[in-house]
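Structure assessment
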Amino acid sequence: MKDNYMAGSAKNRKTIMTLRVIGAVIVTLVMFFPVYWLLISALKTQSEMRMAVPTFWPETFAWQNFAEAFRVIPYARFFGNTLLMAVGTIILQLNVALMAAYAFAKGKFWGRDALFLLVLAALIVPEQVIFVPVYVMMSKLDWLNTFWALIVPHGASAYAIFLLRQAFKSINNDVLEAARVDGAGRFSILYKLLFPMAMPTIVTMGVLIFISSWNSYFWPLIMTNNNDMRVLTVGIAMLRDSIAGNEAMFFNVIMASSVMAIIPIVLVFTVMQKHIVAAMANSTFK
């Protein structure tokens with residue numbers, strides 16, 4: 001009877017494992033299918049895109065769709081603007097978050113915890129709620145249609161401050177005291193000591209900021225109305241709007257533009273994946 005019970009338990013575990021694998025495969029296929037459809041649509045010809053019955057593999061690989069995207073819109077200019085905006089936001093936001101997180105994690109001053117709660121409260125405020133006063137401010141500073149308007153309003157992130165604060169709180173204060181005894185100042189402690197020790201979290205935040213900036217659409221649309229300052233998301237929307245009513249003929253070009261737009265995100269995530277996994281494994285919330 002015991003052998004039958006063990007055999008039945010082993011069979012049940014095997015069945016459960018099989019169902020889990022099948023479920024994981026189904027979820028993976030469902031999640032990946034939109035990306036797959038984006039890729040194959042970017043490589044189809046106009047005639048194939050107009051077919052009544054869609055094909056799941058291009059009959060002819062139309063690589064010229066990617067070159068066509070550069071011809072229809074100033075794609076290189078939009079790409080450069082997006083890259084500059086993303087890099088500038090990363091540099092500014094990380095430095096602000098580092099200094100704020102250091103103060104909230106290791107500093108001792110009146111109202112520290114209350115101020116930190118006020119920072120966390122900013123997490124529940126959507127961007128669309130504050131864009132009007134910020135837009136007025138940017139207008140009065142004459143920063144509209146400049147990179148200042150695209151970068152400076154995103155210079156502080158409550159989420160980045162929160163994560164870096166948690167990373168700094170996990171570092172023993174004795175390490176900081178030893179650095180102070182050696183004559184290190186606050187900035188030396190922050191950038192020469194805490195910065196390397198919290199590198200996985202910092203890299204993770206850098207990747208998240210890059211993805212958020214690269215995919216940003218609402219803010220660049222509001223802050224710029226000059227084609228020389230447009231970013232990729234707005235440029236691709238312009239490409240779509242310019243052929244409104246005739247999307248079936250040029251949908252392959254739109255897809256090709258989108259494929260090129262997501263390549264930097266995939267590359268950044270692939271290169272930094274090791275640091276992201278390390279940050280997730282070492283994350284400590286106190």
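What you see is a predicted model; the values in this text were computed from it and never measured.

Here we look at the pattern of salt bridges
- Summed over all chains, the structure comprises 3 salt bridges.
- With a closest N to O distance of 2.4 Å, R71 and E68 form a salt bridge. You can see R71 and its partner E68 sitting in helix α3 (residues 64-72), 3 residues apart, about one turn around the helix.
- Of the charged contacts, one joins R112 and D113 as a salt bridge, the two residues approaching to 3.5 Å between their closest N and O atoms.

Re the UniProt feature "transmembrane region" (unreviewed entry) in the chain
- Per the UniProt record, "transmembrane region" (unreviewed entry) is annotated on residues 21-40, 83-103, 115-135, 147-168, 189-211 and 248-272.
- The span residues 83-103 is 100% helix and 0% strand, and its two end C-alpha atoms sit 30 Å from each other.
- In the segment residues 189-211, helix accounts for 96% and strand for 0%; the C-alpha atoms at its two ends are 29 Å apart.

Here we look at the nonpolar core
- Core analysis: the largest hydrophobic core is formed by 48 residues, its most contacted members being F66, Y75, Y102, F168 and L194.
- The greatest single-element share of this core, amounting to 12 residues, is contributed by helix α4 (residues 75-106).
- Taken domain by domain, the makeup of this core includes at least three residues from each of domain 1 (1-63) and domain 2 (69-284).
- If near-sequence neighbours (up to four positions away) are discounted, Y75 is found in contact with A69, F70, L232, S257, M260 and A261.
- In this structure, M85, V134, I151 and M229 belong to the second largest nonpolar core, which totals 11 residues.

Section: the packing of helix α10 (residues 186-197) against helix α11 (residues 199-214)
- Where α10 contacts α11, the two axes come as close as 5 Å, and the packing angle between them is 80°. Of the possible angle classes, the one that applies to α10 and α11 is roughly perpendicular. Counting all contacts with α10, which are made through F195, P196 and M197, the residues of α11 involved are M199, P200 and I202.
- Residues of the contact of α10 with α11, tallied by class, amount to 6 nonpolar, no polar and no charged.

Here we look at the packing of aromatic side chains
- Tallied over the entire structure, the rule returns 17 aromatic pairs.
- Members of the aromatic cluster, joined through ring pairs, are F33, Y36, W37 and F56.
- Note that R165 overlies the ring of F116, its terminal NZ or CZ placed 4.0 Å from the centroid.

What counts as what
- Residues numbered from 1 in each chain as written.
- Predicted model: local features only at pLDDT ≥ 70, side-chain atom pairs only at ≥ 80, totals over all residues.
- Heavy atoms only, no water.
- Salt bridge = Lys/Arg side-chain N within 4 Å of Asp/Glu carboxyl O.
- Helix = DSSP H or I, 4+ residues; strand = E, 2+ residues; numbered from the N terminus.
- UniProt positions renumbered as here; feature names shortened; annotations may be inferred.
- Core = buried A, V, L, I, M, F, W, Y, C linked by side-chain atoms within 4.5 Å.
- Buried < 20%, exposed > 50% of the residue type's maximum accessible area, 1.4 Å probe, protein only.
- Domains from an automatic or database assignment.
- Contact = heavy atoms within 4.5 Å.
- Axes fitted to C-alpha atoms, helices over the stretch in contact; angles between N-to-C directions.
- Parallel < 35°, antiparallel > 145°, perpendicular 65-115°, else oblique.
- Nonpolar A, V, L, I, M, F, W, Y, C, P; charged D, E, K, R; others polar.
- Phe/Tyr/Trp six-rings, centres within 6.5 Å; stacked < 30°, edge-to-face > 60°.
- Lys NZ or Arg CZ within 6 Å of the ring centre and 35° of its normal.

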